[in-house]
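# Observations on chain architecture
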Amino acid sequence: MAGSCTTTRTIINDIPLRNNLRGSSTAATMYRNCVAWAEDDNGVVQSYAIHIPRISPTKGMLVEEARKNELIWTNVLDQVAWSHQGIGNGTDPTITADQAIAPDGTMTADKIDFGPCGTGDSNSILFRSTAPAGLFVESVYLRTVTGTGSVWLGHSPDGVAAWQSVECACDTTWRRFTLPVSSVSGSRYFILGQDGRDAAQPATFPAVSVYAWNAQSEVGSFTTSPITASAAQVTRAADIATCSTTGWPTKEGSITFDFTPGWSSGGALASTYYILDSRTTERGILFYIGNTATGDIRLRTGNTDGYTDTSAGAMTWTAGTTYRIEARWGKGNTFLWRTVAGVRTLLVSNVTGAARMPDGYTAAATLVQANTGTLQSNGSISNLRVGRN
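Rules used in this analysis
- Residues numbered from 1 in each chain as written.
- Predicted model: local features only at pLDDT ≥ 70, side-chain atom pairs only at ≥ 80, totals over all residues.
- Heavy atoms only, no water.
- Helix = DSSP H or I, 4+ residues; strand = E, 2+ residues; numbered from the N terminus.
- Buried < 20%, exposed > 50% of the residue type's maximum accessible area, 1.4 Å probe, protein only.
- Contact = heavy atoms within 4.5 Å.
- Areas by Shrake-Rupley, 256 points an atom, 1.4 Å probe, with all protein chains shown as cover.
- Pairing = 2+ DSSP bridges.
- Axes fitted to C-alpha atoms, helices over the stretch in contact; angles between N-to-C directions.
- Phe/Tyr/Trp six-rings, centres within 6.5 Å; stacked < 30°, edge-to-face > 60°.
- Lys NZ or Arg CZ within 6 Å of the ring centre and 35° of its normal.
- Salt bridge = Lys/Arg side-chain N within 4 Å of Asp/Glu carboxyl O.
- Core = buried A, V, L, I, M, F, W, Y, C linked by side-chain atoms within 4.5 Å.
- pLDDT = per-residue confidence, 0-100.
- Polar contact = N/O pair within 3.5 Å; in protein donor to acceptor, adjacent residues only side chain to side chain.
- Disulfide = S-S within 2.5 Å.

Each helix and strand in the protein was counted, giving zero helices and 29 strands. Looking at the 389 residues of the protein, the share that counts as buried comes to 50%. Counting only contacts in the protein whose residues sit at least 6 apart along the sequence, the fraction spanning at least 24 positions is 70%. Of the roughly 15300 Å² of accessible surface on the protein, a fraction of 51% belongs to carbon and sulfur atoms.

In this section: the sheet that holds strand β9 (residues 94–100). With respect to topology, five strands assemble into an open sheet ordered β9-β10-β17-β12-β15, the strand pairing being antiparallel. Of all strands in the sheet, those with a lone pairing partner are β9 and β15 (175–181), marking the two edges. Sheet twist, expressed as the mean angle between neighbouring strand axes with direction ignored, is 35 degrees. As paired strands, strand β12 (residues 136–144) and strand β17 (residues 208–219) are joined by eight bridges and run antiparallel to one another. Among the inter-strand pairings, Ser139 is bridged to a residue of β17, identified as Gln216.

On to the pairing of strand β11 (residues 123–129). For β11, a buried count of six out of seven residues is recorded, marking the element as mostly surrounded by other parts of the structure. In this sheet, strand β16 (residues 189–195) lies alongside β11 in antiparallel orientation, the contact comprising seven bridges. Directly across from Ser129, in β16, lies its bridge partner Tyr189.

On to the side chain of Asn69, then. Take Asn69: it is sitting in strand β7 (residues 67–69). Under the relative-accessibility criterion, Asn69 is labelled buried at 0%.

Glancing now at the packing of aromatic side chains. Scanning the model with the defined rule gives three aromatic pairs in all. Over the aromatic face of Trp337 sits the side chain of Arg344, whose NZ or CZ is 4.3 Å from the ring centroid.

In a structure, side chains of opposite charge can pair up when their charged atoms sit close to one another. Within the structure shown, the criterion is met by eleven salt bridges. The residue Arg344 makes a salt bridge to Glu326 at a minimum N-O spacing of 2.8 Å. In this pair, Arg344 is assigned in strand β27 (residues 343–351) and Glu326 in strand β25 (residues 323–330), connecting sequence segments 18 residues apart. Through salt bridges that share partners, Arg32, Arg54, Glu64, Arg236 and Asp239 make up one connected network.

Judged by nonpolar contacts, the single largest core of 23 residues is most densely connected at Ile112, Leu142, Val151, Phe190 and Leu192. For this core, the leading source of residues is β17, giving four residues. In this structure, Met61, Trp263, Tyr323 and Ile381 belong to the second largest nonpolar core, which totals 22 residues.

Strand order in this open sheet of five strands is β8-β11-β16-β13-β14, and the pairing throughout is antiparallel. Each edge of the open sheet carries a strand with a single partner, namely β8 (83–87) and β14 (164–170). For this sheet, the mean inter-axis angle between neighbouring strands, taken without regard to orientation, is 25 degrees.

Turning next to the environment of Ala203. With respect to the helices, strands and loops of the structure, Ala203 is situated in the loop between β16 and β17. You can call Ala203 partly exposed: its relative accessible area is 47%. Taking the C-alpha atoms as reference points, Ala203 and Thr119, 84 residues apart in sequence, are found 5.8 Å from one another.

Turning to its location among the elements, Thr29 is positioned in strand β2 (residues 28–31). Taking the C-alpha atoms as reference, Thr29 lies 5.5 Å from Ala241; in sequence the two are 212 residues apart. If we skip the residues at most four places from it in the chain, Thr29 touches Ile240, Ala241 and Thr242.

Right, let's talk about the confidence of the model for the protein for a bit. Averaged over every residue, the pLDDT of the protein is 77; residues scoring 70 or more account for 67%. Ranking the elements of the protein by mean pLDDT puts strand β1 (residues 10–15) last, at 49, and strand β10 (residues 109–114) first, at 98. Note on residues 1–12: pLDDT under 50 across the span, and 35 contacts to partners over four residues away in sequence or across chains.

This brings us to the side chain of Ser139. Secondary-structure assignment places Ser139 in strand β12. Of the polar contacts made by the side chain of Ser139, one reaches the side chain of Arg176; its length is 3.2 Å. Leave out the neighbours within four places in its chain, and Ser139 touches Leu153, Arg176, Phe177, Thr178, Phe190, Asn214, Ala215, Gln216 and Thr223.

On to the state of the cysteines. All chains considered together, the criterion is met by zero disulfides. With no disulfide of its own, Cys170 lies closest to Cys168 among cysteine sulfurs, the gap being 5.7 Å.

Turning to unusual backbone geometry, a few remarks are in order. Positive phi is not limited to glycine here, since His51 has a value of about 70 degrees. Take His51: it is sitting in the loop between β4 (45–48) and β5 (54–56). Exposure remark for His51: the relative accessible area of 22% places this residue in the partly exposed category. A positive phi is found at Asn214, a non-glycine position, where the angle reads about 60 degrees. Taking relative accessible area as the criterion, Asn214 reaches 0% and is therefore assigned buried.

Within the element layout of this structure, Asp41 appears in the loop between β3 (36–39) and β4. Between the C-alpha atom of Asp41 and that of Ser56, which follows or precedes it by 15 residues, the distance is 6.4 Å. Looking at Asp41, its side chain comes within polar contact range of the side chain of Ser56, at 2.6 Å.

Written as structure tokens, this is what we have:
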């Protein structure tokens, strides 16, 4: 059902989150105790220093949970920690270090020459043992040396059975390919190349040469920003973003922001993902997106004596799609809208009860902090506006 509202708002805070606004009285402030990477709008991987927000001019500020790359020597694929193999009439691949400009602009992309395979049980692969038990996701940046060609990103506990794989159809443009791997028993391997023992792959392969950069394997159901590693596994610390709540309204007010998730609903999300929480006691303005495939979103309002937890029900969320979230409260009523692709939908209407903000906010609202304190929203937030009706 479409929603409309003609209430005039006085904007109190207007935080675009498309520039580094640290130091401003209405700024968003980032805490992340490590260097981190992110793709800019042109697909170039940029490095961001400790506590510097990762800003996209089109999507806003990226906030992610802590993740560890279970692989080592992610950009040194000729290192002895990586194994390579050619069985049957397949040819052992040749790896040559630092042969092309990588997605981060450095000369660190390795060249891999995979040989041809002429029978079903032949292979030409690069591989390494990887993640612990449970759900995990593999990823790697690839491009061909010339022309087009395909290699496969795969997993198998023994190289024979229980294969899970995805074709990486490459050309001379860098692309990041990903493979979500369901929970499996036995050993776990990151496998790149051509392997006829996988029933999903062709029985025969031509030779193909590719450049590769940043092999990654992380526990979870979706991939996050690049995490590079050398001799030891590397964990990227969680992003925690806050902003000032000075002057925020209590009895009547509104909040609008844009959110671009890094995941899609239906991916068995591991926890509840908070978008905005104005109080450490989970009172006040609290959006979160549910921890199941339903993709539920809720708005929690209330004061220190109680709160109303309003559910909008199941809905779809798609990675990379920007959603505008709007909420208004006052006179005992709460309203919640979501807009996607220009279509504005009223999710919650005329919910009565403790539909007010708390009498006193904490000094700063936490943007995109999860209830566990370790999982974040895993997406980008921008155009945050707080108003008084």
